[in-house]
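Fold and contact review
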Amino acid sequence: MNMSHYFTIFALLLLSLNSASAREIRFIGVNGDLLLNVERHVRLVKRLRDKNIGPMLEGEQRRLESRVESEVKQALEPFGYYNVEVRRDHSQGTKNYRYLIALNKPVIVNSLKLELGTMASSVVEFQDWLNRFPLSKGLPLNQVLYSTQKKALLSTAIRLGFFDAQYSESKIVINEQRTLADISLQFVSGARYSLGDITIDWNLASTSDQKSKQGIEQSILDSLITIKPGQSYTADSLSKTQRNLLATPYFSAVDVRAGEREPQALQIPVKITLTPSKRKAYNFAIGAGTDTGIRASVGYENRRINRQGHNISIRAGGSEIKRTAILNYRIPLARTASDSLNFFTSLDEEFGDTRRFQSARIGSEWAFEWRDSLFKLGLVASREKFIRREDDLSEIENDTDLILPSLFWERTKGDDVYFPTKGWSAAATVRGASQSIGSDIDLAQAIFKGKLLRPLGSGRVKLRVHLAGSIIDDAADLPESLGFLAGGDDSVRGYDFESIGVERNSEINVAKNLFVASIEYEHPIKNGFALAAFLDAGDAFDSGVELNKGAGLGLRWRLPFGALRLDAASALDLEGDPVRLHFSFGTDL
């Protein structure tokens, strides 16, 4: 027999082995989490689906086949199914693997004993865990949920400073008939640790600027550091201090880290490492959009003019339809991280086929925090010029001078800063103008924005509303900068940005009032991704609401500092139901 015959036989052997390894495997009678766990535990599944391993030999095949039944039963026991029957179905031949699974009756929880201990019983977070425990008498035993809840309680304890927490008893007893289960879980929290010494370390290795090395006044720094020696430890309080410091322009990096625990004193020290940012920064940006065309901007910022933390920023930019310039001077106040005085001025100019708008503003604002809410008291003086070209090519010009006091309020409450599952946020503004204090018109406005998040199944529901109303004399024109438009990423999706308003001379103009509402359901997939379905409706109007509706689907991707959102939405009230893509990034509340 020559060499070509050997190669032929070898090729035929490989072909037969590959055809045997290309088999498929299916499990009938289970789905969802049960099916996933079965596929994870059955080694034959991994062997058949791994394309990087060579052909499966006959001995290996028999060995893996013999283990399928026991591996399936083992995979289903955590879900309370201890009387499972597994049978291979040969009715469709032997080429593919097809297993029939009969779950039969699951193990039922006969008794449930959960004890938190005296100290833990007074802690709200532990009581919330107890109230939300998903297993109870009469329900099927689910050891996956049981293990998840055990880990969650210990994780909560560590987050709250109960570093010595443990379970004095943790067991599930199943009767001989494998029909009933008794659960006993006894938690001992131990003592709660408090914060010890808080030290601040300035990382000046990469800083050559002498003013940067001087840092900022201790009173300003103290207003940003919300943790104090002696207070109860929580991981959230350390995170809040880190966020406060990073939110300022003073630091390029902040590290707030707990040190080694001191069991005898029941304390844990904290070290804060601060890396100063460069005092002066220049930036340039360029981009393009369907609404604006080519746009570009240039900016300058002095992040730390003096040890009191004063900072100034200047930005100028423009596009084919808009030009703007803004100057802002901020003085931090040594009370809380949010307290500051701001002085600003701006110039704006917008162009359209039939309109032109110019605005000059100068003003000040006092921002302060009170009872978990942010307040802003503002006073703005502005001059606006609006020119509209009529159908007969004549121009109507309207100049308006305003002295506009305003009050802004905002509050957010959620179970997580970046990815809450439940919570709410609200913001309200009231502002007005009067001819008796220097304005050309009498005007009163109220604006409200609200969001609500609630868990639903394995996902969550998000409700959003935006309301605004104006009181102004019918004979007076509403200033362009104080009017309202709808449509866009954070409004009615499916419609162009600010494309919904009052139509005059075939052009969309700002309206006196606004109503926008939205409902959205988000369902997690895996690896930080989630799918969303939503329905938006809204209108910007002077009188009489005509809702414009948009609906669509979206993809969410969790990133360290917020969610990336991509939505495809259809404008249901436009001819042809056109679809528009919307892209946004940020937190959910």
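Presented here is a report on the structure given in the accompanying data block.

What counts, and where the lines are drawn
Residues numbered from 1 in each chain as written. Predicted model: local features only at pLDDT ≥ 70, side-chain atom pairs only at ≥ 80, totals over all residues. Heavy atoms only, no water. Phe/Tyr/Trp six-rings, centres within 6.5 Å; stacked < 30°, edge-to-face > 60°. Buried < 20%, exposed > 50% of the residue type's maximum accessible area, 1.4 Å probe, protein only. Lys NZ or Arg CZ within 6 Å of the ring centre and 35° of its normal. Pairing = 2+ DSSP bridges. Helix = DSSP H or I, 4+ residues; strand = E, 2+ residues; numbered from the N terminus. Axes fitted to C-alpha atoms, helices over the stretch in contact; angles between N-to-C directions. Contact = heavy atoms within 4.5 Å. Salt bridge = Lys/Arg side-chain N within 4 Å of Asp/Glu carboxyl O. Parallel < 35°, antiparallel > 145°, perpendicular 65-115°, else oblique. Left-handed = near helix turned anticlockwise from the far one by under 90°. Nonpolar A, V, L, I, M, F, W, Y, C, P; charged D, E, K, R; others polar. Patch = residues over 30% accessible without salt bridge, like charges linked within 9 Å, V, L, I, M, F, W, Y side chains within 5 Å. Areas by Shrake-Rupley, 256 points an atom, 1.4 Å probe, with all protein chains shown as cover.

Considering the packing of aromatic side chains
Counted according to the given criterion, the structure contains 14 aromatic pairs. Aromatic pair W129 and F133: ring centres 5.3 Å apart, planes at 65°, arrangement edge-to-face. Both residues of the pair, W129 and F133, belong to the buried class. Each member of the aromatic cluster is reached from another via a ring pair, and the members are F126, F162, Y167 and F187. Above the ring of F534, the side-chain terminus of R493 is found at 3.8 Å from the ring centroid.

Describing the sheet that holds strand β4 (residues 108-115)
With mixed pairing, three strands are arranged side by side in an open sheet as β4-β6-β5. Whereas interior strands pair on both sides, the edge strands pair on one side only; in this sheet they are β4 and β5 (166-174). Each neighbouring strand pair of the sheet contributes to a mean axis angle of 5°, computed without reference to strand direction. Sheet analysis places β4 next to strand β6 (residues 180-188), joined by seven bridges and oriented parallel. Of the residues in β6, the one forming a bridge with L112 is I183. Together, β5 and β6 form the strand contacts of helix α7 (residues 143-159), whose direction differs from that of β5 by roughly 175°.

Observations concerning the sheet that holds strand β1 (residues 25-28)
On the basis of which strands lie adjacent, the open sheet formed by three strands has the order β1-β3-β2 and mixed pairing. Bordering the open sheet on either side are β1 and β2 (85-88), each of which pairs with just one other strand. This sheet shows a mean twist of 20° between the axes of neighbouring strands, independent of strand direction. Bridge count between β2 and strand β3 (residues 97-102): four bridges; the pairing is antiparallel. In the sheet register, R87 faces β3, and the bridge partner there is L100.

Topic: the pattern of salt bridges
Side-chain pairing between opposite charges can occur once the charged atoms of the two side chains come close. Overall, the coordinates contain 29 salt bridges when judged by the stated rule. The salt bridge involving D255 is made with R257; its shortest N-O contact spans 3.3 Å. We note a salt bridge from R303 to E301, for which the minimum N-O separation is 3.8 Å. Several salt bridges converge on common partners, so that one network encompasses R460, R464, R493, E520, E522, D536, R556, R565, D567 and D588.

Quick notes on the packing of helix α2 (residues 32-41) against helix α4 (residues 58-76)
One can describe the packing of α2 onto α4 by two numbers: an axis separation of 8 Å at closest approach and a directional angle of 135°. Here α2 lies oblique to α4, going by the angle between them. As for how α2 packs across α4, the hand of that crossing is right-handed. Residue-level contacts link L34, N37, V38 and H41 of α2 to E71, V72, A75 and L76 of α4. The residue makeup of the contact of α2 with α4, split by class, is five nonpolar, two polar and one charged.

Observations concerning a nonpolar patch on the surface
Taken together, the side chains of I525, F529, L531, L555, W557, L566, L581 and F583 present a nonpolar region at the surface, about 770 Å² in accessible area. Following the sequence through the fold, W557 ends up in strand β25 (residues 548-559). Looking at W557, the relative accessible area reads 35%, which means it is partly exposed.

Notes on the packing of helix α6 (residues 124-131) against α7
Contact pair α6 / α7: the axes reach a minimum separation of 10 Å and the direction vectors enclose 170°. Judged by the inter-axis angle, α6 sits roughly antiparallel to α7. Residues E125, F126 and W129 of α6 pack against Q149, L153, T156, A157 and R159 of α7. Residue composition of the contact of α6 with α7, by class: four nonpolar, two polar and two charged.

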